[in-house]
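# Topology and contacts: notes
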Amino acid sequence: MSARVVITGTGLFTPPHSISNDELVASLTISVHRWNDEHAAKIDAGEVQARPVPDAEFIERASGIKSRFVMEKVGVLDPDRLRPHLPLRGEDELGLQAEMALPAIHEALAQAGRRPEEVDCVIVGCSNLQRAYPAVAIEIQHALGAGGWAYDMNVACSSATFSMQSGVDALLNGSADCVVVVNPEITSGHNNFAARDHHFIFGDACTAVVLERAADAVGDERWEVLRGRLSTKFSNSIRNDFGFLNPSEDGERDPSELVFRQRGQQVFKEVCPLVVGHIKEQLGALSLEAADVRRFWLHQANLKMNQLIAKGVLGRLPDEDEAPIILDRYANTSSAGSVIAFHLHRSDLVAGDVGVICSFGAGYSIGSQVVRKL
Ligand code: CO8
């Protein structure tokens, strides 16, 4: 019989600061009024358009988001700055992503009944990596005292399910025995808090997952990965051109191209049907019906998007129990979102229950694991 892989632990690091929609809107409103005052003559002459002010009520209605956590709040809410204050750290200091990863990993390892030195593979999957190299994963491996090997990967919001699948594959082919997948997302470092149409979307968080072969697992928590599936389809609708070629590029670049940007409506329309088809294919391959799925832990980008996707799979709107929502408090934490939902909303499931962890985002990229509680 071929080996089976199980999730044996999960962990979550929630940053210390929360920002409500009202707070976010208040700071951007001041910034917009200042800009409009400074450009009043040009606005009156019709040379530039006045910037519109944001609206907290719109944000909750359009997205379901009420607040988000961030690593640093003062800079984000400073109308003259609109980005976090993240003091530069020396080479000998632990990096910020490694710092948020460690508590999440320790929580996951404790649940799995594993010690850090038993880990032999660390995969960092996230949308926002703080440097090119050395890999953040290798820094985490070192700080953890783990052995084996480590690497970073980025498939935007799908990084969690893609990195989990890499972990599953490493366990199946025998190149690792105890895999930690970690998703340290500091979205606030690449969010354009001056862009009214999407300044409210993101939040920071870090999740961790421990994966092992079922025969080796020692903890009580065991979720068999029945099937994983990854798919990608190229699109420019979500894009960030930040990269190592920026200093050498000839030509004009708008600074807003070097942070997150998107065509939100288009993303909504194009991604939802792709995700519905993806999940249906997953279930079909396992000879499962939608009704056999006890819970969907979906990527958390937009409440309506999650409802539409669950409706496409179930044929009716889901209730909170079937497709739990965490984006009201956390906003879109990119790759961490579906894992936060899995981490916070699974303790009531019983042996034999089946669920789907599914993420989707820029690329486009879609990934999922169908899991069964043992
Ligand atoms: N306040 C008031 N009015 C606003 C605001 C605001 N904050 N924002 C927009 N409006 C206005 C618009 O200007 C527009 O006005 P008008 O009708 O006069 O033109 C009106 O409200 C409607 O605007 P939209 O059509 O844009 O509104 P939507 O209903 O589409 O809602 C959303 C906007 C919430 C952004 C929605 O489109 C959405 O959620 N789309 C999907 C987004 C998504 O899932 N994106 C995935 C991105 S994440 C990812 O994949 C990877 C990146 C991770 C890294 C992140 C690092 C930062």
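A brief report on the enclosed structure follows. If you're wondering where the values come from, they're calculated on a predicted model, not measured in any experiment.

## Some points on the packing of aromatic side chains
One pass over the structure, following the stated rule, counts 7 aromatic pairs. Geometrically, the ring pair formed by Phe202 and Phe260 is edge-to-face, given 4.6 Å between the ring centres and 80 degrees between the ring planes. Of this pair, Phe202 sits in the loop between strand 6 (178-185) and strand 7 (205-213) while Phe260 sits in the loop between strand 9 (238-239) and strand 10 (261-262); the two residues are 58 residues apart in sequence, bridging distant segments of the chain. Ring centres of Trp223 and Trp297 lie 5.9 Å apart, and the angle between their planes is 90 degrees; on these two criteria the pair is classed as edge-to-face. Within this pair, whereas Trp223 is found in strand 8 (residues 223-232), its partner Trp297 is found in strand 11 (residues 293-298), the two being separated by 74 residues in sequence. For the pair shown, Trp223 and Trp297 are each scored as buried. Members of the aromatic cluster, connected to one another through ring pairs, are Trp223, Trp297 and Phe342. The aromatic ring of Trp35 is capped on one face by Arg51, whose charged end is 3.9 Å from the ring centroid.

## Focus: the layout of surface pockets
Computed from the structure, the second largest pocket encloses a volume of approximately 150 Å³. Residue lining of the second largest pocket: Val32, Arg51, Pro52, Ala194, Ala195, Arg196 and Asp197, and that is the complete set.

## Structural notes on the site of the ligand
Within the structure, the ligand sits among 31 residues, and Arg196, Gln262, Gln265, Asn302 and Ala362 are positioned closest to it. At 3.0 Å from a nitrogen atom of the ligand is found a main-chain nitrogen or oxygen belonging to Asp55. One of the side-chain nitrogen or oxygen atoms of Gln262 is found 2.8 Å away from a nitrogen atom of the ligand. In the complex, 76% of the free accessible area of the ligand, which totals 1,200 Å², lies under the protein chains. Sorting the residues of the shell around the ligand by element identifies helix 3 (56-63) and helix 8 (264-285) as the ones contributing at least two each. In terms of residue class, the shell around the ligand is built from 15 nonpolar, 13 polar and 3 charged.

## Quick word on the nonpolar core
Counting residues in each nonpolar core, the largest one holds 45 residues, and the members touching the most others are Val275, Ile279, Leu283, Phe296, Ile309, Cys358 and Phe360. Top contributing element to this core by residue count: helix 8, with 7 residues. When residues no more than four places from it in sequence are discounted, the contact partners of Cys358 are Thr161, Val275, Ile279, Trp297, Leu298, His299, Ser338, Ile366, Gly367 and Ser368. Cys121, Met153, Ala336 and Leu349 belong to the second largest nonpolar core, which has 33 residues in total.

## Concerning the pairing of strand 5 (residues 149-153)
Where strand 4 (residues 121-125) lies against strand 5, 5 bridges are found, and the strand directions are parallel. When the sheet's bridge partners are listed, Ile123 is paired in strand 5 with Tyr151. For the handedness criterion, the β-α-β arrangement of strand 4, helix 6 (residues 136-144) and strand 5 is classed as right-handed.

## Some details on unusual backbone geometry
Following Tyr133, the chain continues into Pro134 via a peptide bond in cis, with omega recorded as 0 degrees. With respect to the element layout, Pro134 can be found in the loop between strand 4 and helix 6. For the bond from Gly363 to Tyr364, the omega torsion is -10 degrees, close enough to zero to count as cis. Among the secondary structure elements, Tyr364 is positioned in the loop between strand 12 (354-361) and strand 13 (365-373).

## A look at the sheet that holds strand 7
One open sheet accounts for 9 strands, arranged 5-4-6-7-1-8-13-12-11; its pairing is mixed. Looking at which strands have only one partner, the edges of the open sheet turn out to be strand 5 and strand 11. Strand-to-strand twist in this sheet, taken as the mean axis angle between neighbours without regard to direction, amounts to 25 degrees. Judged from the 8 bridges that link them, strand 12 and strand 13 form a sheet pairing that is antiparallel. Bridge pairing links Ser359 to Gly367 in strand 13.

## As for the pattern of salt bridges
Scanning all chains against the criterion turns up 26 salt bridges. When the shortest N-O distance is used, the salt bridge between Arg253 and Asp241 registers 3.8 Å. In this pair, Arg253 sits in the loop between strand 9 and strand 10 while Asp241 sits in the loop between strand 9 and strand 10, placing the two residues 12 residues apart along the sequence. Residue classification places Arg253 among the partly exposed positions, given a relative accessible area of 31%. We note a salt bridge from Arg295 to Asp321, for which the minimum N-O separation is 2.7 Å. With Arg295 in strand 11 and Asp321 in the loop between helix 9 (303-314) and helix 10 (327-330), the pair connects residues that are 26 residues apart, well separated along the chain. A residue is classified by how much of its surface remains accessible, and Arg295, at 2% relative accessible area, is buried. Linked by salt bridges that have partners in common, Arg239, Asp241, Glu249, Arg253, Glu257 and Arg261 make up one network.

## Regarding helix 3
Residues of helix 3 that are buried include every one of Ala56, Ile59 and Ser63, and no others. Looking straight down helix 3, one finds its buried side chains confined to an arc of 60 degrees; they lie on one side. For helix 3, the secondary structure elements touched by its buried residues are helix 1 (21-38), strand 3 (67-70), helix 9 and helix 10. For helix 3, the N-terminal cap is Asp55; the gap from its side-chain oxygen to the backbone nitrogen of Glu57 is 3.0 Å. Remark: Gly64 follows helix 3 within two positions and exhibits a positive phi of approximately 85 degrees.

## Notes on the side chain of Thr10
Considering the arrangement of structural elements, one finds Thr10 in strand 1 (residues 5-13). Taking relative accessible area as the criterion, Thr10 reaches 0% and is therefore assigned buried. Among the polar contacts listed, one links the side chain of Thr10 to the side chain of His343, at a separation of 2.8 Å. Side chain to side chain, Thr10 and Arg346 meet in a polar contact 2.8 Å long.

Definitions and cut-offs
- Residues numbered from 1 in each chain as written.
- Predicted model: local features only at pLDDT ≥ 70, side-chain atom pairs only at ≥ 80, totals over all residues.
- Heavy atoms only, no water.
- Phe/Tyr/Trp six-rings, centres within 6.5 Å; stacked < 30°, edge-to-face > 60°.
- Helix = DSSP H or I, 4+ residues; strand = E, 2+ residues; numbered from the N terminus.
- Buried < 20%, exposed > 50% of the residue type's maximum accessible area, 1.4 Å probe, protein only.
- Lys NZ or Arg CZ within 6 Å of the ring centre and 35° of its normal.
- 1 Å grid on protein atoms, 1.4 Å probe; cavity = no way out; pocket = protein on both sides within 12 Å on 5 of 7 lines; lining within 4 Å.
- Points joined across faces, edges and corners; volume = space filled by probe spheres on them.
- Near = heavy atom within 4 Å.
- Polar contact = N/O pair within 3.5 Å; in protein donor to acceptor, adjacent residues only side chain to side chain.
- Areas by Shrake-Rupley, 256 points an atom, 1.4 Å probe, with all protein chains shown as cover.
- Nonpolar A, V, L, I, M, F, W, Y, C, P; charged D, E, K, R; others polar.
- Core = buried A, V, L, I, M, F, W, Y, C linked by side-chain atoms within 4.5 Å.
- Contact = heavy atoms within 4.5 Å.
- Pairing = 2+ DSSP bridges.
- Right-handed = clockwise from strand over helix to strand, strands pointing away.
- Axes fitted to C-alpha atoms, helices over the stretch in contact; angles between N-to-C directions.
- Salt bridge = Lys/Arg side-chain N within 4 Å of Asp/Glu carboxyl O.
- Arc of directions from axis to C-beta.

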